[in-house]
Amino acid sequence: MNSYTEFAKTILLGESLEDKLHDAPFEWREWQDFKLPKLPARAGRLGFSDIQMKFPKINRLNEVDKKAMALHSFANHELLAIEMMAAALLIYPHETQDDLRFKKGILSALKDEQKHLGLYINRLNELGYSFGDFPLNDFFWRQMEKLKTASQYTAVMALTFEAANLDFAQYYANIFRNLGDNETAKVLDIVLEDELSHVAFGAFWMKRWRNDEKLWDYYVSSLPWPLTPARSKGISFDPKIHGKAVNDEEFISSLVQFEDHFEITKRPTLK
Ligand SMILES: [Fe+2]
Ligand SMILES: [Fe+2]
C-alpha cells in the first residue's frame with residue numbers, strides 16, 4: 001500500500017483535476033522531510049492566472065454567466081484548500097500520536113474540500129460551464145510559505161479562511177435561495193455544515209496547543225503578517241455561527257470588537 005507521501009504528493013504535485021480529486025487508501029508511515037514547492041502543480045485549464053476576477057454583484061447573480069463566475073470563484077477556493085491541506089500533510093512533522101491525530105483531521109477536511117469542489121463543478125456543468133472557464137488565482141496559497149508550524153497553519157486555514165467561509169457560505173446560500181436557485185443554495189448549505197466542523201477542528205487543536213494563553217492571544221500571535229483577524233470575518237459577519245464552531249465566548253467577543261485599517265474587511269456585522 002502507498003504511503004501518506006504518495007497520497008499527498010499526487011494531489012499537490014499532480015497536474016490534473018483527477019490528481020486533485022485523488023482518493024486512495026494509504027498508510028501513515030514515518031514522517032519524511034518535504035520541501036514546499038513554489039506553487040502546486042497545475043496543467044492546462046487549471047493553470048494559475050494573474051488576471052484578477054471581479055466577483056459579480058449580488059443583484060446580477062440571477063444571470064447565468066454571473067452565477068457561473070461566482071461558483072467558479074468558490075471552486076477556486078476549494079481547490080486551493082485541497083492543495084494547502086495536502087501540503088500540510090507533507091511539511092509538518094508527525095512524531096507523536098497527537099501529531100498524527102491532527103493530520104488525520106486534516107485528511108478528513110481535505111476529503112470534504114474534494115467533495116465541495118466536485119459539487120461546485122457539477123453545478124457549473126449543469127449551468128453549461130466547466131472548471132477553468134474563468135481565471136484561477138493563487139491567493140490563499142501565497143500564505144503557505146509563511147506557515148512554518150502546525151499552529152500557524154491552523155490559525156490561518158481553519159480560524160481565518162475557513163472561518164470567513166462560514167459567513168460567505170451562509171450569506172450566498174440565502175442569496176441563491178431568495179433567487180429561487182435551490183440547487184446552488186443546497187451546495188452552499190453542505191459547504192457551511194462541513195466548514196463548521198473544520199473550524200471546530202482548528203479551534204480544538206489551538207486550545208490544546210495554547211498552554212496557558214488565552215485562545216484569542218494565541219490565535220493572533222500565530223497569524224503571520226500582514227494577516228489579521230479581520231480576515232476571518234466574511235460578508236455579513238455572524239458572530240453566532242463563529243461561536244458555534246469555536247466555542248469560546250471570549251474569543252468571539254474579541255473577534256467582534258476587532259477592527260483594523262484594511263478597508264476591504266470592514267463589513268457589516270449581523271445583529
Ligand atoms: Fe470547502
Ligand atoms: Fe474547509
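Scroll up to find the structure this text is about.
What counts, and where the lines are drawn
Residues numbered from 1 in each chain as written. Chains lettered and ligands numbered in written order. Predicted model: local features only at pLDDT ≥ 70, side-chain atom pairs only at ≥ 80, totals over all residues. Helix = DSSP H or I, 4+ residues; strand = E, 2+ residues; numbered from the N terminus. Buried ≥ 20, exposed ≤ 12 C-beta atoms within 10 Å, placed from the backbone. Contact = placed C-beta atoms within 7 Å. Core = buried A, V, L, I, M, F, W, Y, C linked by C-beta atoms within 7 Å. Axes fitted to C-alpha atoms, helices over the stretch in contact; angles between N-to-C directions. Parallel < 35°, antiparallel > 145°, perpendicular 65-115°, else oblique. Nonpolar A, V, L, I, M, F, W, Y, C, P; charged D, E, K, R; others polar. Left-handed = near helix turned anticlockwise from the far one by under 90°. Expected span 1.5 Å × (residues − 1).

Moving on: the overall build of the chain. Scanning the chain from terminus to terminus reveals nine helices and zero strands. Order of helices (α) and strands (β) in the chain, N terminus to C terminus: α-α-α-α-α-α-α-α-α. Across its three principal directions, the C-alpha atoms of the chain cover 50 × 45 × 30 Å. Expressed as a percentage of the 271 residues in the chain, the buried residues total 41%. Excluding contacts between residues fewer than 6 apart, the proportion of contacts in the chain whose partners are at least 24 apart in sequence is 77%.

Here the focus is the nonpolar core. In terms of nonpolar packing, the biggest core is built from 72 residues, with Ala75, Met84, Met85, Ala86, Ala88 and Tyr120 touching the most fellow members. Of all the secondary structure elements, the ones that give two or more residues to this core are helix H1 (4-13), helix H3 (64-91), helix H4 (97-126), helix H5 (150-178), helix H6 (182-209), helix H7 (215-222), helix H8 (239-246) and helix H9 (249-257). Per-element tally for this core: the top contributor is H3, with 18 residues.

Take Asp167: it is sitting in helix H5. Overall, the presence of 24 C-beta atoms within 10 Å leaves Asp167 in the buried class. Between the C-alpha atoms of Asp167 and Phe74, which are 93 residues apart in sequence, the distance is 13 Å. Excluding residues that lie within four positions of it along the chain, Asp167 makes contacts with Lys233, Gly234, Ile235, Ser236, Phe237 and Asp238.

Let us now look at the packing of H6 against H8. The N-to-C vectors of H6 and H8 enclose an angle of 55°; their axes lie 7 Å apart at closest approach. The angle between the axes of H6 and H8 places the two elements in the oblique class. Along its contact with H6, which presents Leu196, Val199, Ala200 and Ala203, the element H8 presents Lys244, Ala245 and Val246. Looking at side-chain class alone, the contact of H6 with H8 contains six nonpolar, no polar and one charged residues.

Now for the environment of Arg231. Of note, Arg231 is situated in the loop between H7 and H8. Spatially, the C-alpha atom of Arg231 lies 15 Å from that of Gln152, the residues being 79 residues apart in sequence.

A pair of packed helices is captured by two measures, namely the crossing angle of their axes and the spacing between those axes. Here H1 crosses H3 at 150°, and the two axes come no closer than 9 Å. The angle between H1 and H3 places the two elements in the roughly antiparallel class. Between H1 and H3 lies a crossing whose hand is left-handed. Contacts between H1 and H3 involve Tyr4, Thr5, Ala8, Ile11 and Leu12 from the former and Ile82, Glu83, Ala86, Ala87, Leu89 and Leu90 from the latter. Taken together, the residues of the contact of H1 with H3 sort by class into nine nonpolar, one polar and one charged.

Between its terminal C-alpha atoms H6 stretches 41 Å, which fits the 40 Å expected from 28 residues at 1.5 Å a residue. Positive backbone phi, approximately 60°, marks Asn211, located one or two places after H6.

To continue, consider the environment of Ala43. Tracing the backbone shows Ala43 in the loop between helix H2 (17-20) and H3. A sequence separation of 27 residues divides Ala43 from Ser16, and the C-alpha atoms of the two residues are 6.2 Å apart. Leaving out residues up to four positions away in the same chain, Ala43 has contacts with Glu15 and Ser16.

What follows deals with unusual backbone geometry. Phi is mostly negative for residues that are not glycine, and the peptide bonds are mostly trans. Cis geometry marks the peptide bond from Trp225 to Pro226, where omega comes out at 0°. The phi dihedral of Asn211 is positive, around 60°, even though this residue is not glycine. Inspection of the secondary structure puts Asn211 in the loop between H6 and H7. Positive phi values are uncommon outside glycine, yet Ser236 reaches one of about 55°.

Attention shifts here to H4. Compared with the 44 Å implied by 1.5 Å per residue over 30 residues, the 44 Å span of H4 between its first and last C-alpha is a close match. One or two residues past the end of H4 sits Gly128, with phi positive at roughly 90°.

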